[in-house]
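So you can see what is in the structure, the chains are spelled out below.
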Amino acid sequence: MRRERLQIFLKENLLTLLTISGVIIGIVLGIGLRAVPAEGEKWSPRDVSYISFIGDLFLRMLKALILPLIITSLISAVGSLDLSLSGKIGGRAVLYYITTTIMAVILGIVLVVVVQPGKGADASSGNITAETRNVTTTDTLLDLVRNMFSPNLVQACLQQYQTVLTPPKDNPNEPDLNLWSVSGKYTDGMNIIGLVVAAIVFGIALSALKEEVLIVLKFFQQFSHATMKVTGWVIWLSPIGVLFLITAKLLEMDDLGVVFGKLGLYFAVTAGGILFHGFVILPALFFIFTRQNPVRFVGNMSQAIATAFGTSSSSATLPVTMQCLEEKNNIDPRVSRFVLPIGATINMDGTALYEAVAAIFIAQLRGLSLSFGNIVAISITATAASIGAAGIPQAGLVTLVMVLDTVGLPAEDVSLIIAVDWLLDRFRTVVNVLGDSYGAAIVAHYSQKELTAIPTNESNGKVQRNSMGQSSETVLFEERL
Ligand code: 7O9
């Protein structure tokens, strides 16, 4: 009897157990293989590229799913709800995103102000120079809004708009960026915010036209099922994929010592804050609002957590997150397919906490004393930067530069913390993914009543039958036609 239960457990959780083993073996192998080259030497970039090859294939497959997934999910979810209900669900999601992001920033600020990791630390750790570009915060925010309204949706799949500043001809060293001339260009990278906005608008149009466009709605629903089917296949590669991604990353890094040495306290404060937010605060909120067991909820998300840690990209993890949420945590697909792509785009609790902590740490390192007003300004910019990151070309450092700029710190100071960023990024990504997932679950809980009032219209691929044995589609068609 016991053995049977164990067998059932192993069978149901085989993939998850394999993926977690993949993460652990990846770490052990990475650290172990670092010791192979002779003292003072390291693995050549070519060797590392062979090792990352398999992880890279996994990452490419996940990334290939992002575009079809967000477009079809958003259109089919918004299209199957009426306007007032999608407004309510969207509103609840945004309220959750803003509240939790602000909570994350406050947690980070309290930690960094109390622990003071920058006091007495040595400011010479920045031996890597960061590439930064000349931008003003205003231009960055205007670019974000411009990117929301893409003039060409085919181009939006490939490029984002970016404002470019060039120094005046008569004074190439002009320090005031406001005196530089302004032009615009398109840079490589998917304009995700433009695509999300366009898909939502298109979904609203389908919902407004109702039965007139039922076939188009069905097309997007079925396309979305097909994408999730492929996701189900790709997920089986995750144990091997994350193993090689993690091993290769560990081999590529210059010096693992800084994580525990020079920048150790900074690393501990940031990672501690991020993990506390994701594994204590968010689960507590989840419990308070839904009265469900958060431990079981996180357990069911472990596949997504491992993928987020391995890829350090919440967008690449999105297909896995959606699968875990729908298949294991039984969240209504009309909610998950609507709020997850939006969450992946604008809700980044880990990133917001990190940017606030990083800016204050650098200020401490530079001996700059911050007023209460400075700290409020940092909080606001860190929140805005995490919301806008996906709409800003080459976001990574640019957003942190924006936060540093609010207290007058130079862009080059980003280089002080770059040495541990690759590892913090993984923790941020895990918590960003968890934040989106808890949000979808809480919103689904509060929208349950309104959702049961309308037929599911086969959103999760399972045809639902009523007491007469008719599928809900038949009912829907009969009702509408
Ligand atoms: C982290 F919705 C999607 F899935 F289609 C989507 C696609 C792309 C959502 C977001 C993006 C995107 O481009 N995001 C993005 C995120 C762009 C730039 C920076 C970041 C911040 O990334 C996090 C961080 O560095 O803290 C983290 N690596 O969650 O992926």
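Here, every reference points to the structure presented above.
In this report, the structure presented in the accompanying data block is examined. Computed from a prediction, not measured in an experiment: that's the story for all the values here.

Rules behind the numbers
Residues numbered from 1 in each chain as written. Predicted model: local features only at pLDDT ≥ 70, side-chain atom pairs only at ≥ 80, totals over all residues. Heavy atoms only, no water. Helix = DSSP H or I, 4+ residues; strand = E, 2+ residues; numbered from the N terminus. Buried < 20%, exposed > 50% of the residue type's maximum accessible area, 1.4 Å probe, protein only. Areas by Shrake-Rupley, 256 points an atom, 1.4 Å probe, with all protein chains shown as cover. Near = heavy atom within 4 Å. Polar contact = N/O pair within 3.5 Å; in protein donor to acceptor, adjacent residues only side chain to side chain. 1 Å grid on protein atoms, 1.4 Å probe; cavity = no way out; pocket = protein on both sides within 12 Å on 5 of 7 lines; lining within 4 Å. Sits in = over half its atoms within 2 Å of the grid points. Salt bridge = Lys/Arg side-chain N within 4 Å of Asp/Glu carboxyl O. Points joined across faces, edges and corners; volume = space filled by probe spheres on them.

**Re the overall build of the protein chain**
Okay, so step 1: In terms of regular secondary structure, the protein chain is built from 20 helices and two strands.
Okay, so step 2: Once the C-alpha set of the protein chain is aligned to its principal axes, its extents read approximately 75 × 65 × 45 Å.
Okay, so step 3: The buried share among the 481 residues of the protein chain stands at 51%.
Okay, so step 4: Of the roughly 22600 Å² that the protein chain leaves accessible, carbon and sulfur atoms contribute 64%.

**Remarks on the site of the ligand**
Okay, so step 1: Of all residues adjacent to the ligand, which total 20 residues, the nearest are Ser314, Thr351, Asp425, Arg428 and Asn432.
Okay, so step 2: A distance of 2.6 Å is found between an oxygen atom of the ligand and a side-chain nitrogen or oxygen belonging to Thr351.
Okay, so step 3: In this structure, Asp425 approaches the ligand through a side-chain N or O atom, which is 2.7 Å from a nitrogen atom.
Okay, so step 4: Summarising the interface, the protein chains cover 84% of the accessible area of the ligand, which totals 630 Å² for the free molecule.
Okay, so step 5: At a threshold of 2 Å from the grid points, most atoms of the ligand map onto the largest pocket.

**Observations concerning the pattern of salt bridges**
For side chains bearing opposite charge, pairing can occur when the charged atoms are close.
Okay, so step 1: Enumeration over the complete set of coordinates arrives at eleven salt bridges.
Okay, so step 2: Here Arg146 makes a salt bridge to Asp143, at a shortest N to O gap of 3.0 Å. Here Arg146 and its partner Asp143 are both found in helix H5 (residues 137-148), three residues apart, which amounts to about one turn of the helix.
Okay, so step 3: Taking the shortest distance from any N to any O, the salt bridge between Glu326 and Arg337 comes out at 2.7 Å. Within this pair, whereas Glu326 is found in helix H14 (residues 314-328), its partner Arg337 is found in helix H15 (residues 333-346), the two being separated by eleven residues in sequence.
Okay, so step 4: The exposure class assigned to Glu326 is buried, which follows from its relative accessible area of 8%.

**Overview of empty space enclosed by the protein**
Okay, so step 1: For the coordinates displayed, the defined rule picks out two cavities of 30 Å³ or more.
Okay, so step 2: Counted as a void, the second largest cavity has a volume near 40 Å³.
Okay, so step 3: Along the walls of the second largest cavity sit Ser314, Leu318, Thr321, Leu340, Ala344, Val433 and Asp436, which together make up its complete lining.
Okay, so step 4: At the level of elements, H14, H15 and helix H19 (421-452) are the ones that each hand at least two residues to the lining of the second largest cavity.
Okay, so step 5: The dominant element in the lining of the second largest cavity, judged by the number of residues it contributes, is H14, at three residues.

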